[in-house]
Amino acid sequence: MNGPSNETLFLRFRRAGDARALGSVFDATAGELARVAGYLAGGDPHAAGDLLQATWLTAIERAATWDERRPVLPWLLGILANHARGLRRKQRRETTAA
C-alpha cells in the first residue's frame, strides 16, 4: 500500500482536523461502505445515501471514540450498521402506525 494507512489518516484528522486526511479515508473506504449501505438499505439508493451521510457525520462527530489500535473500516461499518438498524426500526414504527 502506498502512502499512509487509513488509520494514520483518520488519526491525523482526529488530532489536527486535517480535512484532506479525512477525504483520503473517505475515498479509500467509499466503495466498501457504499456496497454495504446498498445491501442494508434493501437496494434503495436514496436510503443508502442517507445511511452513508449519517455514517460520516457520526464518524466526524465521534472521532474521539475510535480506538486507534483498531482498523478504521470496521469502526465505520459498525456505525453504518447502527444507522441501518435505526432506519429499520423507524420504518417498522411507520408501518405499524399506518
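Going by the structure above, here's the rest.
These figures come from a predicted structure and were not determined experimentally. Every chain's residues receive numbers from 1 upward, in the order its sequence appears when written. Two thresholds apply to this predicted model, a pLDDT of at least 70 for residue-level local features and 80 or more for giving and counting side-chain atom pairs, whereas whole-chain, interface and lining totals are computed over all residues. Here the side-chain values reflect all heavy atoms present in the structure, with hydrogen atoms and water set aside.

A.B. asks: Help me understand helix α3 (residues 45-61), please; the structure alone is not making it clear to me.
C.D. replies: For the α-helix, the turn length of 3.6 residues means that residues three or four positions removed from each other point alike. Taking 1.5 Å of rise per residue, 17 residues should cover 24 Å, and α3 covers 24 Å from first to last C-alpha, within 8% of that figure. Sitting at the amino-terminal end of α3 is Asp-44, which places a side-chain oxygen 2.9 Å from the backbone nitrogen of His-46. Where helices and strands are cited, they refer to DSSP runs of H or I of at least four residues and of E of at least two residues respectively, numbered from the N terminus. Each helix should span, by expectation, one fewer than its residue count multiplied by 1.5 Å. Throughout this description, a polar contact denotes any pair of N or O atoms lying within 3.5 Å of each other; where both atoms belong to protein, one of them has to be capable of donating a hydrogen while the other can accept it, and for residues adjacent in sequence the pair is counted only when both atoms sit in side chains.

A.B. asks: Help me out: how do you make sense of the pattern of salt bridges in this one?
C.D. replies: Note on pairing: side chains with opposite charge can pair once their charged atoms come close. In the sections that follow, a salt bridge refers to a side-chain nitrogen of Lys or Arg positioned within 4 Å of a carboxyl oxygen of Asp or Glu. Inspection of the entire model under this criterion finds five salt bridges. Arg-14 is paired through a salt bridge with Glu-68; the nearest N and O atoms lie 2.7 Å apart. A residue pair is termed long-range when its members are at least 10 positions apart, and Arg-14 in helix α1 (residues 6-16) and Glu-68 in the loop between α3 and α4 (72-97) qualify at 54 residues. One salt bridge in this structure joins Arg-15 and Glu-68, with 3.4 Å as the shortest N-O distance. Of this pair, Arg-15 sits in helix α1 while Glu-68 sits in the loop between α3 and α4; the two residues are 53 residues apart in sequence, bridging distant segments of the chain. Only protein chains enter the accessibility calculation, which uses a 1.4 Å probe. A residue is then buried if its area is under 20% of the maximum for its type, exposed if over 50%, and partly exposed in between. Of the residues examined, Glu-68 reaches a relative accessible area of 37% and is grouped as partly exposed. Within the structure, one salt-bridge network assembled from shared partners comprises Arg-14, Arg-15 and Glu-68.

A.B. asks: Help me understand the packing of helix α2 (residues 19-40) against α4, please; the structure alone is not making it clear to me.
C.D. replies: With their axes 10 Å apart at the nearest point, α2 and α4 run at an angle of 35° to one another. With respect to the hand of their crossing, α2 and α4 are arranged in right-handed fashion. Where α2 approaches α4, its residues Val-25, Thr-29, Glu-32, Leu-33, Val-36, Ala-37 and Leu-40 are matched on the opposing element by Val-72, Leu-73, Leu-76, Leu-77, Leu-80, Ala-81, Ala-84 and Arg-88. To define axes, lines are fitted to C-alpha atoms, for helices over the stretch in contact only, and angles between the resulting N-to-C directions are given on a 0 to 180 degree scale. A clockwise turn of the near helix away from the far one marks a right-handed crossing, whereas an anticlockwise turn of less than a right angle marks a left-handed crossing. Note on definitions: a residue-residue contact is assigned when non-hydrogen atoms from the two residues lie within 4.5 Å.

A.B. asks: I keep staring at the packing of aromatic side chains and nothing clicks. Help me out?
C.D. replies: Pairs of aromatic rings are described using the distance from one ring centre to the other and the angle between the two planes. Aromatic contacts are taken between Phe, Tyr and Trp rings whose centres are within 6.5 Å, Trp giving its six-membered ring; a plane angle under 30 degrees counts as stacked, one over 60 as edge-to-face, and the others as tilted. Counted by the stated rule, this structure contains four aromatic pairs. Between Phe-10 and Trp-66 the ring centres are 5.4 Å apart and the planes differ by 90°, which places this aromatic pair in the edge-to-face class. Within this pair, whereas Phe-10 is found in helix α1, its partner Trp-66 is found in the loop between α3 and α4, the two being separated by 56 residues in sequence. Both residues of the pair, Phe-10 and Trp-66, count as buried. A ring pair is formed by Phe-26 and Trp-56, whose centres lie 5.3 Å apart and whose planes are at 55°; its orientation type is tilted.

A.B. asks: Would you mind going over α1 with me for this structure?
C.D. replies: Restricting attention to buried positions, one finds in α1 the residues Asn-6, Leu-9, Phe-10, Leu-11 and Phe-13. Contacts from the buried residues of α1 go to α2, α3 and α4. Immediately downstream of α1, the backbone of Gly-17 shows phi near 70°, a positive value.

The values are spatial; any link to function lies outside them.
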